[in-house]
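Tertiary structure, described
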Amino acid sequence: MVRLITRKEVEKHKNGWIIIHNSVYDMSKFIPEHPGGEEVLLELEGFDATEGFEDAGHTPDARGILAKLKVGELEKTEHTEFEAKTEDWLVYTPDPKEEEPPASENSLTVPIIIGLVAILICFFYYYYFV
Ligand code: HEM
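Small disclaimer: the values here were computed from a predicted structure and weren't measured.

Cut-offs used in this document
Residues numbered from 1 in each chain as written. Predicted model: local features only at pLDDT ≥ 70, side-chain atom pairs only at ≥ 80, totals over all residues. Pairing = 2+ DSSP bridges. Helix = DSSP H or I, 4+ residues; strand = E, 2+ residues; numbered from the N terminus. Near = placed C-beta within 6 Å. Nonpolar A, V, L, I, M, F, W, Y, C, P; charged D, E, K, R; others polar. UniProt positions renumbered as here; feature names shortened; annotations may be inferred. Expected span 1.5 Å × (residues − 1). Buried ≥ 20, exposed ≤ 12 C-beta atoms within 10 Å, placed from the backbone.

A short note on the pairing of strand 4 (residues 70-74)
Bridge count between strand 1 (residues 4-5) and strand 4: 2 bridges; the pairing is parallel. Bridge pairing links leucine 4 to glutamate 73 in strand 4. Note: strand 3 (residues 23-26) against strand 4, 3 bridges, orientation antiparallel. Within the sheet, the bridge partner assigned to serine 23 lies in strand 4 and is glutamate 73.

This is the structure we're talking about:
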């Protein structure tokens, strides 16, 4: 289960937490290894670093490291949608469950298939036996 965190909590935590694309990461162990230097990360501790992270043009490797540092997600009410500035920007994708069509749209599929199968059976019966 995903841990939900507020921006205030991230700010209070300060020892290495950072927000990128509405997810919270604990970069404390990674700070000394950062190829872009410790300073940039230390300045952003406790804050939203989405724009800085994306503007630096991080590679998929960096995104892979980032994924391993995830500790949770921001509360939905505190989400910020960023407009992608370049194609590399990892555009925020909503939870796939939210994109599922409502059950009422799905519920027609099964009766339609049953209806089509019944029509086919009638057609073959009429063609071969009548
Ligand atoms: C926990 C978050 C971060 C991770 C895991 C991370 C990881 C990395 C990695 C692996 C590289 C090497 C190049 C690459 O593979 O893209 C890199 C480079 C760099 N990063 Fe980050 N980074 C993070 C956050 C940030 C932030 C917030 C900024 C700026 C606000 C930043 C600025 C840079 C810069 C400027 C470089 C380029 C260094 C160079 O090529 O000389 N990084 N980062």
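Side note on the site of the ligand
Lining the immediate environment of the ligand, one finds 21 residues, of which Gly36, Gly52, Ala56, Thr59 and Ala62 sit closest. Here the shell around the ligand gets 4 residues from one element, more than from any other, and that element is helix 4 (residues 60-68). Taken together, the residues that form the shell around the ligand break down as 15 nonpolar, 5 polar and 1 charged.

Some details on the sheet that holds strand 2 (residues 17-20)
One open sheet accounts for 4 strands, arranged 1-4-3-2; its pairing is mixed. Since the sheet does not close on itself, it has two edges, and those belong to strand 1 and strand 2, each with one partner. By the bridge criterion, 4 bridges tie strand 2 to strand 3 in an arrangement that is antiparallel. Pairing of tryptophan 17 across the sheet is with aspartate 26, part of strand 3.

Description of the UniProt feature "transmembrane region" (unreviewed entry) in the protein chain
When the UniProt feature table is mapped onto this chain numbering, "transmembrane region" (unreviewed entry) sits at residues 108-128. As annotated, residues 108-128 comprises 95% helix and 0% strand, and the C-alpha atoms at either end are separated by 31 Å.

Let's talk about helix 7 (residues 109-129)
Here helix 7 spans 30 Å end to end across 21 residues, near enough to the 30 Å set by a 1.5 Å rise per residue. Sparse coverage of helix 7 is indicated by the burial of 0 of its 21 residues.

Things to note about unusual backbone geometry
The backbone of histidine 21 sits at a positive phi, close to 50 degrees, despite the residue not being glycine. By secondary structure assignment, the location of histidine 21 is in the loop between strand 2 and strand 3. With a phi close to 65 degrees, asparagine 22 is a non-glycine residue in the positive phi region. By the element assignment, asparagine 22 lies in the loop between strand 2 and strand 3. Looking at asparagine 22, the number of C-beta atoms within 10 Å reads 18, which means it is partly exposed.

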